[in-house]
Amino acid sequence: MLIDCHGRSLNLGTPAVMGVLNVTPDSFSDGGRFVDPEAAMRHAHRMVADGAGIIDVGGESTRPGAAPVEESAELERILPVVERLAGELQVPISVDTSKPEVMRRAIAAGAGFVNDVNALRADGAIETVASGGAAVCLMHMQGEPRSMQQAPHYDDVVSEVKEFLADRIRLCIAAGIPRDRIVADPGFGFGKTSAHNWALLARLREFRTLGVPILVGLSRKSFIGTLLDKPTVQRLSGSLAVAGIAVYNGADIVRAHDVAPTVDAARVGHAAVAGLRERQISL
Ligand code: PT1
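This one's a predicted model, so the numbers in the text were calculated from it and none came from an experiment. (Residues numbered from 1 in each chain as written. Predicted model: local features only at pLDDT ≥ 70, side-chain atom pairs only at ≥ 80, totals over all residues. Heavy atoms only, no water.)

Some points on the overall build of the protein
Phase 1: Assigned secondary structure in the protein consists of nine helices and ten strands.
Phase 2: Taken against the 2.2 N^0.38 rule, which gives 19 Å for 283 residues, the C-alpha radius of gyration of the protein at 17 Å falls within 12% of a compact globule.
Phase 3: Along the first, second and third principal axes, the C-alpha atoms of the protein reach 50 × 45 × 40 Å.
Phase 4: Expressed as a percentage of its 283 residues, the buried residues of the protein come to 54%.
Phase 5: Approximately 12000 Å² of the protein is accessible, and the part contributed by carbon and sulfur atoms is 51%.
Phase 6: Distance between charge centres in the protein, computed from 29 positive and 33 negative side chains, equals 4 Å. (Helix = DSSP H or I, 4+ residues; strand = E, 2+ residues; numbered from the N terminus. Rg over C-alpha atoms; globule rule 2.2 N^0.38 Å. Buried < 20%, exposed > 50% of the residue type's maximum accessible area, 1.4 Å probe, protein only. Areas by Shrake-Rupley, 256 points an atom, 1.4 Å probe, with all protein chains shown as cover. Lys, Arg positive; Asp, Glu negative; His and termini not counted. Charge placed at Lys NZ, Arg CZ, Asp CG, Glu CD.)

This is the structure:
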């Protein structure tokens, strides 16, 4: 199965790893290491060599507590990087943004995938993706980054997140984004307690009935740190374990900072899925 990202394809015959390229000075785990465009380019080339199928460029941090960024600042950070990446890399370039104008300019600069933690809820966002010909990831978030971890609440996190995503998929298709260019993401850590995140991971397979590929972002997140009592820089092993479980439970794309080991973890999860098939157990 291939996703057309405005002319470049993302192959999902085997699980893909989306490499994180932060161009924010305040990013939670790379701490401003990639504000320098040269360093960002080197890191992106490294991630592709390590097996990333797509590179996700972000100029606004969306981690818990993060403040919004001005559109002009976001454009300044990401546009030069998107343009150079599109010129130098073969893989599709994703832009991690919720702002329609940033989407439009990034698509014009060569991005073929819009990764929106706000699921295209901003005015004009759906139309921008539909007319730009890009693929899109629709992610679930309860609240907004600055305050979303204050008191997350669900009666049934899996059905509520799934219903939200089903609604957003319907609206996008009605507005002219083809189903085969849409990906859905339950939004680990976005207005969820640890218990909510573990429930979503355990029951991820239920999201398959949405009828679009599933993307997950788990890398270095707090629910892993809380379980293991470890800071961000010591969460690699935990992140790989949850990446393998997510793929085993049906994830098609894993967004991660540490691409090479995540490719291995995804292959392990995928081999276990194949093992299920060998024994004729229904998926
Ligand atoms: C994600 C994601 C993302 N995560 C998609 N895009 C982030 N599609 C940025 C924590 O709990 O999961 N899916 N873009 C990063 N956001 C967070 C959220 C980082 C929570 C850290 C935490 O520590």
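Examining the side chain of aspartate 185
Phase 1: Note on placement: aspartate 185 falls in strand β8 (residues 182-185).
Phase 2: In this structure aspartate 185 is buried but unpaired, with lysine 221 as the nearest side chain of opposite charge at 6.6 Å.
Phase 3: Among the polar contacts listed, one links the side chain of aspartate 185 to the backbone nitrogen of glycine 187, at a separation of 2.8 Å.
Phase 4: Beyond its immediate stretch of four places on either side in the chain, aspartate 185 contacts Cys137, Leu138, Met139, His140, Leu165, Leu215, Val216 and Gly217. (Salt bridge = Lys/Arg side-chain N within 4 Å of Asp/Glu carboxyl O. Polar contact = N/O pair within 3.5 Å; in protein donor to acceptor, adjacent residues only side chain to side chain. Contact = heavy atoms within 4.5 Å.)

Some words on the site of the ligand
Phase 1: In the vicinity of the ligand there are 17 residues, among which Asp96, Asn115, Asp185, Lys221 and Ser222 approach most closely.
Phase 2: A distance of 2.7 Å separates an oxygen atom of the ligand from a polar side-chain atom of lysine 221.
Phase 3: Coverage of the ligand by the protein amounts to 95% of the 510 Å² it exposes when considered alone.
Phase 4: Every element with two or more residues in the shell around the ligand is listed here: β7 (135-139) and β9 (215-217).
Phase 5: The class makeup of the residues in the shell around the ligand is seven nonpolar, five polar and five charged. (Near = heavy atom within 4 Å. Nonpolar A, V, L, I, M, F, W, Y, C, P; charged D, E, K, R; others polar.)

Focus: the packing of aromatic side chains
Phase 1: According to the stated counting rule, one finds two aromatic pairs in the structure shown.
Phase 2: Measuring from ring centre to ring centre gives 6.0 Å for phenylalanine 188 and phenylalanine 223, while their planes differ by 20 degrees; the resulting arrangement is stacked. Residue phenylalanine 188 is found in the loop between β8 and α6 (194-202), and its partner phenylalanine 223 is found in helix α7 (residues 222-228); the two are separated by 35 residues along the sequence. Accessibility classification places phenylalanine 188 together with phenylalanine 223 in one group, the buried group.
Phase 3: On the basis of an interplanar angle of 70 degrees and a centroid distance of 4.9 Å, the ring pair of tryptophan 198 and phenylalanine 223 is categorised as edge-to-face. Of this pair, tryptophan 198 sits in helix α6 while phenylalanine 223 sits in helix α7, placing them 25 residues apart in sequence. (Phe/Tyr/Trp six-rings, centres within 6.5 Å; stacked < 30°, edge-to-face > 60°.)

Quick look at the packing of helix α2 (residues 71-88) against helix α3 (residues 100-108)
Phase 1: One way to put it is that α2 packs onto α3 with a least axis distance of 10 Å and a crossing angle of 20 degrees. By the criterion of interaxial angle, the relationship of α2 to α3 is roughly parallel. Crossing handedness for the pair α2 and α3: right-handed. Here α2 contributes Glu71, Glu74, Leu75, Ile78, Leu79 and Val82 to the contact with α3, which in turn contributes Glu101, Val102, Arg105 and Ala106. (Axes fitted to C-alpha atoms, helices over the stretch in contact; angles between N-to-C directions. Parallel < 35°, antiparallel > 145°, perpendicular 65-115°, else oblique. Left-handed = near helix turned anticlockwise from the far one by under 90°.)

Concerning the layout of surface pockets
Phase 1: By volume, the second largest pocket amounts to about 300 Å³.
Phase 2: Lining of the second largest pocket is provided by 18 residues; of these, Leu12, Arg208, Gly250, Ala251 and Asp252 occupy positions nearest its centre.
Phase 3: A total of three residues in the lining of the second largest pocket trace back to one element, the largest contributor, which is helix α9 (residues 259-278).
Phase 4: The class makeup of the residues in the lining of the second largest pocket is eight nonpolar, four polar and six charged. (1 Å grid on protein atoms, 1.4 Å probe; cavity = no way out; pocket = protein on both sides within 12 Å on 5 of 7 lines; lining within 4 Å. Points joined across faces, edges and corners; volume = space filled by probe spheres on them.)

Observations concerning the sheet that holds β8
Phase 1: On the basis of which strands lie adjacent, the open sheet formed by eight strands has the order β8-β7-β6-β5-β4-β3-β10-β9 and parallel pairing. Two strands bound the open sheet, and with one partner strand each, they are β8 and β9. Averaged over all pairs of adjacent strands, the angle between their axes in this sheet comes to 25 degrees, without regard to strand direction.
Phase 2: By the bridge criterion, three bridges tie strand β5 (residues 93-96) to strand β6 (residues 113-116) in an arrangement that is parallel. Its bridge partner lying in β6, aspartate 96 is registered against asparagine 115. (Pairing = 2+ DSSP bridges.)

Quick look at helix α5 (residues 157-174)
Phase 1: Taking 1.5 Å of rise per residue, the 18 residues of α5 would be expected to cover 26 Å, and the 26 Å separating its terminal C-alpha atoms lies within 8% of that figure.
Phase 2: Inspection of α5 places Val157, Val158, Val161, Phe164, Leu165, Ala166, Arg168, Ile169 and Cys172 among the buried residues, and these make up the whole buried set.
Phase 3: Against α4 (125-132), β7, β8 and α6 lie the buried residues of α5.
Phase 4: Put simply, aspartate 156 is the residue that caps the front of α5, since its side-chain oxygen is 3.2 Å from the backbone nitrogen of valine 158.
Phase 5: Downstream of α5 by a residue or two, glycine 176 has a phi angle that is positive, lying close to 105 degrees. (Expected span 1.5 Å × (residues − 1).)

A closer look at the nonpolar core
Phase 1: Judged by nonpolar contacts, the single largest core of 70 residues is most densely connected at Ile55, Val57, Leu85 and Leu120.
Phase 2: Looking at this core, the element that brings in the most residues is α5, giving eight residues.
Phase 3: Among all residues touching isoleucine 55, those that are not within four sequence positions of it are Gly19, Leu21, Ala44, Met47, Val48, Leu85, Leu89, Val91, Pro92, Ile93 and Ser94. (Core = buried A, V, L, I, M, F, W, Y, C linked by side-chain atoms within 4.5 Å.)

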